[in-house]
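# Remarks on the overall topology
Below are the chains, spelled out letter by letter.
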Amino acid sequence: GGASLSVACTASGNLVKTASKISVSSSMTYTLSAFVKAASGKTLDIKMNEYSSSDVLGQTVLTSVTGNGSWQRVTVEVTTSGTGVKLEPVFENTTAGANTFYVDAVLLENSHLVGTYFDGSTNDSLDFTYSWTGTDNASTSIQTGVSITGYAGSSGAVVIQSAEWSATGTGE
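Residues numbered from 1 in each chain as written. Predicted model: local features only at pLDDT ≥ 70, side-chain atom pairs only at ≥ 80, totals over all residues. Heavy atoms only, no water.

## Some words on the side chain of Thr95
Following the sequence through the fold, Thr95 ends up in the loop between strand 8 (86-93) and strand 9 (99-109). Accessibility expressed as a relative area gives 10% for Thr95, which makes it buried. Among the polar contacts made by the side chain of Thr95, one reaches the main-chain amide nitrogen of Thr43 at a distance of 2.6 Å. For Thr95, the residues in contact, after removing those within four places along its chain, are Ala11, Ser12, Lys42 and Thr43. (Helix = DSSP H or I, 4+ residues; strand = E, 2+ residues; numbered from the N terminus. Buried < 20%, exposed > 50% of the residue type's maximum accessible area, 1.4 Å probe, protein only. Polar contact = N/O pair within 3.5 Å; in protein donor to acceptor, adjacent residues only side chain to side chain. Contact = heavy atoms within 4.5 Å.)

Here is the structure:
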């Protein structure tokens with residue numbers, strides 16, 4: 001919250017989006033989550049625009065949010081089409097007139113599940129390491145699972161016990 005993006009809008013339709021589209025795989029499910037904060041009664045849309053390799057706009061999926069004066073975690077799920085290889089997150093004011101809203105902790109995951117927010121500054125655990133792809137707090141982040149040294153299983157099933165769970169009794 002303390003380092004969130006403040007979006008000062010003068011009219012409905014004012015928006016903020018990523019500087020460049022995000023490369024993804026076609027025919028896969030992605031979930032965008034973010035924390036947003038707007039004054040009570042103010043409205044905005046969180047959109048995911050899908051583009052082909054030639055930047056032709058395909059589908060747009062959105063979630064509408066009505067502010068309550070507090071932080072709210074919102075999600076948008078999209079399954080890319082057979083030609084969808086780029087996604088563009090968009091946060092758009094839909095309130096007539098002025099509206100200032102805030103966006104923080106944006107996370108795009110290749111999953112239909114919403115995971116716990118992380119960034120490159122997240123402390124490593126026994127199961128995952130975290131890093132920035134470039135400049136701290138100004139680039140994307142990666143969560144990497146630690147290598148599995150051994151496993152037991154049959155019929156293609158693998159039994160893996162979380163090192164974090166073993167050490168702390170929690171998965172976080």
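## Some thoughts on the nonpolar core
Ranked by size, the top nonpolar core spans 19 residues in total, and within it Val36, Leu44, Ile46, Phe91 and Phe101 carry the most contacts. Among the elements of the structure, strand 1 (5-9), strand 4 (29-38), strand 5 (43-51), strand 7 (72-79), strand 8 and strand 9 are those that each provide at least two residues to this core. Among the elements that take part in this core, strand 4 stands out by supplying 5 residues, more than any other. Residue contacts for Ile46: discarding those within four places in its chain leaves Leu32, Val61, Leu62, Thr63, Val65, Val74, Val76, Val90 and Phe91. (Core = buried A, V, L, I, M, F, W, Y, C linked by side-chain atoms within 4.5 Å.)

## Observations concerning the sheet that holds strand 9
Ordered by their spatial adjacency, 4 strands build an open sheet running 1-9-4-7, and the pairing between neighbours is antiparallel. For this open sheet the edge positions go to strand 1 and strand 7, each flanked by a neighbour on one side alone. With strand direction ignored, the average angle separating the axes of adjacent strands in the sheet is 30°. Pairing analysis gives 8 bridges linking strand 4 to strand 7, with the strands arranged antiparallel. Bridge pairing links Thr29 to Thr79 in strand 7. (Pairing = 2+ DSSP bridges. Axes fitted to C-alpha atoms, helices over the stretch in contact; angles between N-to-C directions.)

## Things to note about the packing of aromatic side chains
Overall, the coordinates contain 1 aromatic pair when judged by the stated rule. Between the NZ or CZ atom of Lys21 and the centre of the ring of Tyr51, over which it lies, the distance is 4.5 Å. (Phe/Tyr/Trp six-rings, centres within 6.5 Å; stacked < 30°, edge-to-face > 60°. Lys NZ or Arg CZ within 6 Å of the ring centre and 35° of its normal.)

Coordinates in, geometry out; function isn't part of it.
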